[in-house]
Amino acid sequence: MATVHHTQHTVTVAAPADTAYDLIADAANWPRVFPPSVHVEQTPLGGGEETVRIWATANDEVKNWTSRRRLDPAARTVTFRQQVSQPPVASMGGTWTIRPLSAASCEVVLDHDFTAVGDTPQNVAWIGQAVDRNSGAELERLRATAEQIALMPELSLTFDDEVTIQGSAADVHDFIWQAEAWEERLPHVKRVVLTEPGEGMQTLEMDTLAKDGSQHTTKSVRVSFRPGRIVYKQLLVPALLTVHTGEWILRDTPAGLSATSRHTIVVDPDAVTRVLGAEATVADARDFVRTALGTNSLATLGHAKRYAEERAGLSKVG
């Protein structure tokens, strides 16, 4: 029988226990809180139980798995057990426990148990390293987010840019997904390095030009829900941000195909004056990022529109 290994990680948070618990319970929001989390699909089962399908990085590799969770708000615990694991993990589960220390502080304890495929030392070491690395990153961001929760409405922003396309969702999806061709197709993209670690998953590193002529390097993990949706999370974010997630959403409407680029960002308040100048505010940073991302998204959607409409047999449009 395979050996069951146990780990425990803790952090003290200067925020109420319920605040920390709510961040853990809202798994769909994890990509905005936890650095390793790329995307989560959350399905309630009733009775305080749910399944969550998670895409995340582990030791710089992209993995996805499905877990079943039981939430207990009264005890402030969340237990989880992977239903479908990714090698070298054979099985994994654990518990989040939030213990109040005072009305304004708490301790968060994250326990894991796991077994490794083949029970080999190499696989055990790989999993142990991934758990240590991810747990440390998750607990630190949980602490920072919980302690800044009152500032979140000011620091975070979600916005959409939309175009209507007389073409198919499949063609628009292909244009956006086939990022290896973006250097030739998109003037603001100067370099692309793309890998596909699994079906419907990509890592995308690219250099892009902003409206002011500056060049930025980003690295993202993308997940396809073909043909109507592509989600992504930037692993390497611009200096002004702590989080950048996004979606490409394609849906049919009476007027044609609606193609929407949605961004969610969280501003790093400590970087605002360093990047934008001594007089800059968080509001200035939000405006700056909204303009930069929106400009490039609309440019991408414009080229996707031309591509799809030409494939639909329509004349070229401006």
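Below is a short write-up of the structure. In this text, all values refer to a predicted model and were calculated from it rather than measured experimentally.

1. With respect to the overall build of the protein
Line of reasoning, step 1. The helix and strand inventory of the protein stands at eight helices and 14 strands.
Line of reasoning, step 2. For the protein, whose C-alpha radius of gyration is 21 Å, the value lies close to the compact-globule estimate of 20 Å for 318 residues.
Line of reasoning, step 3. Principal axes of the C-alpha set define a box for the protein whose edges measure 65 × 50 × 40 Å.
Line of reasoning, step 4. Burial analysis of the protein (318 residues in total) assigns 49% to the buried set.

2. Overview of the pattern of salt bridges
A side chain of one charge can pair with a side chain of the opposite charge if their charged atoms are brought near each other.
Line of reasoning, step 1. Enumeration over the complete set of coordinates arrives at 20 salt bridges.
Line of reasoning, step 2. Here Arg311 makes a salt bridge to Asp171, at a shortest N to O gap of 3.2 Å. Of this pair, Arg311 sits in helix α8 (residues 282-311) while Asp171 sits in helix α5 (residues 169-177), placing them 140 residues apart in sequence.
Line of reasoning, step 3. The class for Asp171 is buried, based on a relative accessible area of 15%.

3. Quick notes on the environment of Ala239
Line of reasoning, step 1. Here Ala239 is to be found in the loop between β12 (229-236) and β13 (241-253).
Line of reasoning, step 2. Separated by 158 residues in the primary sequence, Ala239 and Arg81 have C-alpha atoms spaced 36 Å apart.
Line of reasoning, step 3. Non-local contacts of Ala239, meaning those with residues more than four positions away in its chain, are made with Asp268, Ala271, Arg274 and Val275.

4. Structural notes on the packing of aromatic side chains
Line of reasoning, step 1. Evaluated as defined, the whole model comprises four aromatic pairs.
Line of reasoning, step 2. Centroid distance Trp30 to Phe34: 5.5 Å. Interplanar angle 75°. Geometry classified as edge-to-face.
Line of reasoning, step 3. Taking relative accessible area as the criterion, Trp30 reaches 9% and is therefore assigned buried.
Line of reasoning, step 4. Under the relative-accessibility criterion, Phe34 is labelled buried at 1%.
Line of reasoning, step 5. Each member of the aromatic cluster is reached from another via a ring pair, and the members are Trp30, Phe34 and Trp96.
Line of reasoning, step 6. Positioned above the aromatic ring of Phe225 is the side chain of Arg229, whose terminal nitrogen or guanidinium carbon lies 5.4 Å from the ring centre.

5. Describing the pairing of strand β10 (residues 201-209)
Line of reasoning, step 1. Of all nine residues that make up β10, seven are buried, and the element is covered over most of its length.
Line of reasoning, step 2. For strand β9 (residues 189-198) and β10, the ladder comprises seven bridges, and the chain directions are antiparallel. Its bridge partner being in β10, Gly198 is matched across the sheet by Met201.
Line of reasoning, step 3. A loop of two residues connects β9 with β10, the two strands running antiparallel in sequence, and Gly200 in this loop sits at a positive phi of about 70°.
Line of reasoning, step 4. Across nine bridges, β10 lies against strand β11 (residues 215-225) in antiparallel orientation. Within β11, the residue paired with Leu204 across the bridge is Ser220.
Line of reasoning, step 5. In this antiparallel pair of consecutive strands, β10 and β11, the connection spans five residues, and Gly213 shows a positive phi of 95°.

The rules behind each value
Residues numbered from 1 in each chain as written. Predicted model: local features only at pLDDT ≥ 70, side-chain atom pairs only at ≥ 80, totals over all residues. Heavy atoms only, no water. Helix = DSSP H or I, 4+ residues; strand = E, 2+ residues; numbered from the N terminus. Rg over C-alpha atoms; globule rule 2.2 N^0.38 Å. Buried < 20%, exposed > 50% of the residue type's maximum accessible area, 1.4 Å probe, protein only. Salt bridge = Lys/Arg side-chain N within 4 Å of Asp/Glu carboxyl O. Contact = heavy atoms within 4.5 Å. Phe/Tyr/Trp six-rings, centres within 6.5 Å; stacked < 30°, edge-to-face > 60°. Lys NZ or Arg CZ within 6 Å of the ring centre and 35° of its normal. Pairing = 2+ DSSP bridges.

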